[in-house]
Amino acid sequence: MVELAAAVLIATGTLFFIAGTVGLLRFPDIFCRLHALTKADGLGLALIALGAALLAGTPGAVFRIVLIWFFVATASATCGHLVARYARQSGAGGGAP
Amino acid sequence: MTPDLIYGLTGIAVFGIGLVGALCAQDRLRRVLALKLCSVGAGFLLVVGAWREPPATPDPVPHALVITGIVVMVSATAVALALIRRLQTLEATDER
Amino acid sequence: MTDPLMIFDLLLALAIVALAVASLSVRDLFSMIVLFIIFGLLSALAWVRLSAPDVALAEAAIGTGVTGALLLKTLHHLRYVSGTLGQQTALGVTPVAPVPMGIILANAGFCGLITLGLLVAFLGAPATGPGFDALVAEAMPQSGVEHPVTGVLLNFRAYDTLMEVVVLLAAVIAVWQIERGLSDAPAPVMGEVWQGFARLALPAIVVVGTYLLWVGAEAPGGAFQGGAVLAAVGLLLLLTRAYIPQPAHRGVARGAFVLGTAAFALVAILVAGGGRVAFEYPLEHAKTLILLIEGVVTLSIAVTLAALFHGREPVALSEGGRHDT
């Protein structure tokens, strides 16, 4: 039962990652691509972490998975901000203000 | 087809690609990167040699050798990159 | 393992080879480094599949993380010196006298022959050899730790590990000789979001690095992995310009570089009293000695890797500096 729920969560998370990758490949502009990546991959990571936490054996492992999710989410948000800032400063992507 | 066969072939392929890049690329940074690819390929072969079928634990001595190799490779890469930076600065001042 | 994981193995192997080819064929140098970092992460994943978690940790932290940071910093410096910082793509500099295509093809042919020879040797080798696992397993109770790789690294083959620390020391000595003084390349301005992230991440990095060092006695981890994670603290401080290396701090830096090698060598020689050879730790003190060596070596590795990233000796060059001919 728990394995079924974890499998559903991980599969849904993978779907979000696929959506983010399709956005990365198909969107025309760096800002659109960043939007697809940070939103879809963030949600996909949360779902996969939730599924992995359901399958984890000990509370220590669950705590580590939550820590990993927290730091990867913060790091990816920071990197998204840095990439967008660099793109805006170097004038790429249509010159949005 | 066991994992060690798949990853052993991968390691040889990566080593070959790195060797071609190290000898045939024109740019200095690319050649240093290709040598790092060679080192990762060699690491694959060592770890594949240490792998045993799943109930048994792998042989720890090649793991220690690969860890040592990774640290030595980062030291060599750092020296190579410092030399590349210095060469670039000297060439730029020579042109002026 | 079971069949579905074999499909995963095949896909991962294909991705690794494709990334290796791609990283050497793109024109833009920045893309090349990014593809190399992804290649490193995927090969760390492959090493987890091969039951080598310590090697995977070391590759992800040192081989991909620190090497990627070194490459990016070098690329920034190269673009600054060649004046191409403002351009969108980072193209390499072709040498004045490029190698003729015939020689390149001959080189590629020889590399192909070498790879073919390796392939024949690999496929013809016996599937499993005797290996060292039986010997290590029966000697582990005497090593003082429970994790086999740590026992091999710091007890059974401690001489190799001492030489590895010496190689790091030699690298920082060489880099400090090659590049001296203050760099002219402008530091990238990182912004407030990055500063906030660094403030959040820095204590966590210290805790994770110390944990990796401590847990190496009974689980995958150890001095090199912990030292590389702690080097990230140094990299963060250098990137946010919270610490700018001063000429006055060189003595402390030199002490930190030598500390690991000196402590390791001292412990190894001093246990050779009382009828033992060097590197033969007494059985009841083995765990303490190993932890002591690991702690000091971790500190030394962290400072050395951060100094390799900074890449220059912080020397105040004199006003009318001599020009090398």
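For clarity, every value in this text was computed on a predicted model and none was experimentally measured. Numbering of residues starts from 1 in each chain and follows the order in which that chain's sequence is written. Think of it this way: whatever chain is written first is A, whatever ligand is written first is 1, and the rest follow in order. Only residues with pLDDT of 70 or above have their local features reported here, since the model is predicted, and side-chain atom pairs are shown and tallied only from 80 upward, although totals for entire chains, interfaces and linings are computed over all residues. No hydrogens and no water enter the side-chain calculation; it runs on all heavy atoms of the structure.

Participant: What exactly am I supposed to notice about the interface of chain C and chain B here?
Facilitator: Counting residues at the interface gives 85 residues for chain C and 65 residues for chain B. Two parts lose some accessible area (1.4 Å probe) when they are put together, and adding that loss for both gives the buried area. Approximately 6,800 Å² of surface area, both sides summed, lies buried where chain C meets chain B, with 78% of it carried by carbon and sulfur atoms. For the chain C face of the interface with chain B, the top three residues by lost area are L24, L50 and F122 of chain C, together amounting to 10%. The working definition used for a salt bridge is a side-chain nitrogen of Lys or Arg within 4 Å of a carboxyl oxygen of Asp or Glu. The interface formed by chain C and chain B includes two salt bridges. Across the salt bridge formed by R52 of chain B and D133 of chain C, the nearest N and O atoms sit 2.9 Å from each other. Contacts described as polar in this section are N or O atom pairs within 3.5 Å, which, within protein, must combine one atom able to donate a hydrogen with one able to accept it, while residues neighboring in sequence count only if both atoms come from side chains. Where chain C meets chain B, there are 11 residue pairs in polar contact (both at pLDDT 80 or more). Element by element, the count of residues in the side of chain C that touches chain B is highest for helix α3 (residues 53-81) of chain C, at 15 residues. Any two residues whose heavy atoms approach within 4.5 Å at even a single point are treated as in contact. Put simply, DSSP marks the helices as runs of H or I at least four residues long and the strands as runs of E at least two long, and each gets a number from the N terminus on.

Participant: What exactly am I supposed to notice about the pattern of salt bridges here?
Facilitator: Any two side chains of opposite charge can pair, so long as their charged atoms come close to each other. Here the structure, examined in full by the defined rule, presents 10 salt bridges over all chains. D59 of chain B is the partner of R52 of chain B in a salt bridge, and the nearest nitrogen-oxygen pair spans 3.7 Å. Burial status follows relative accessibility: with a 1.4 Å probe on protein chains alone, a residue under 20% of its type maximum counts as buried, one over 50% as exposed, and anything between as partly exposed. What makes R52 of chain B buried here is its relative accessible area of 12%. Residue D59 of chain B is classed as buried on the basis of its relative accessible area of 3%. Across the pair R49 of chain C and D9 of chain C runs a salt bridge whose closest N-O atoms are separated by 2.8 Å. Of the two residues, R49 of chain C is situated in helix α2 (residues 29-49) and D9 of chain C in helix α1 (residues 3-25); the sequence distance between them amounts to 40 residues. Here the two residues R49 of chain C and D9 of chain C agree in accessibility, since each one is buried.

Participant: Can you walk me through the packing of aromatic side chains in this structure?
Facilitator: Given two aromatic rings, one states the distance between the centres and the angle between the planes to describe the pair. Side-chain rings of Phe, Tyr and Trp, where Trp is taken by its six-membered ring, are said to pair if the distance between their centres is within 6.5 Å; with planes under 30 degrees apart they count as stacked, over 60 as edge-to-face, and otherwise as tilted. By the definition in use, this model includes eight aromatic pairs over all chains. Summarising the aromatic geometry, the rings of F70 of chain A and F71 of chain A are spaced 5.2 Å apart at their centres and angled 70° between planes, so their arrangement reads as edge-to-face. Since its relative accessible area comes to 26%, F71 of chain A is described here as partly exposed. Counting every residue linked through ring pairs, the aromatic cluster contains Y7 and F44 of chain B together with W47 of chain C.

Participant: For this particular structure, what's the right way to read the arrangement of the chains?
Facilitator: Once contacts are tallied for each of the two pairs of chains in contact, the highest total is for chains B and C. At no point do chain A and chain B touch; the closest pair of C-alpha atoms across them sits 20 Å apart.

Participant: Whenever I open this one, the confidence of the model for chain B confuses me. Can you help?
Facilitator: Interpretation of this model should avoid reading the predicted coordinates in detail wherever pLDDT is low. Confidence of the predictor at the level of single residues is captured by pLDDT, which takes values from 0 to 100. On average, residues of chain B score 91 in pLDDT, and 99% of them are at 70 or above. Across chain B, the secondary-structure element scoring lowest on mean pLDDT is helix α3 (residues 60-95) of chain B, at 92, and the one scoring highest is helix α2 (residues 28-50) of chain B, at 94.

Participant: Where do I start with the domain arrangement of chain C in this structure?
Facilitator: Many structure descriptions define interface size as the accessible area lost when the parts assemble. All names here are of chain C. Reported domain spans reflect what an automatic or database domain assignment gives. In terms of domains, chain C is made up of domain 1 (1-96) and domain 2 (133-325). Placing the centre of domain 1 and that of domain 2 at their C-alpha centroids yields a distance of 24 Å. Taken together, the contacts link 14 residues of domain 1 with 19 residues of domain 2. Between domain 1 and domain 2, the buried area comes to about 1,400 Å², and carbon and sulfur atoms account for 74% of it. In this classification, the charged set is Asp, Glu, Lys and Arg, the nonpolar set is Ala, Val, Leu, Ile, Met, Phe, Trp, Tyr, Cys and Pro, and all remaining amino acids, among them Gly, are polar. Of the residues that constitute the side of domain 1 that touches domain 2, the class distribution is 10 nonpolar, two polar and two charged.

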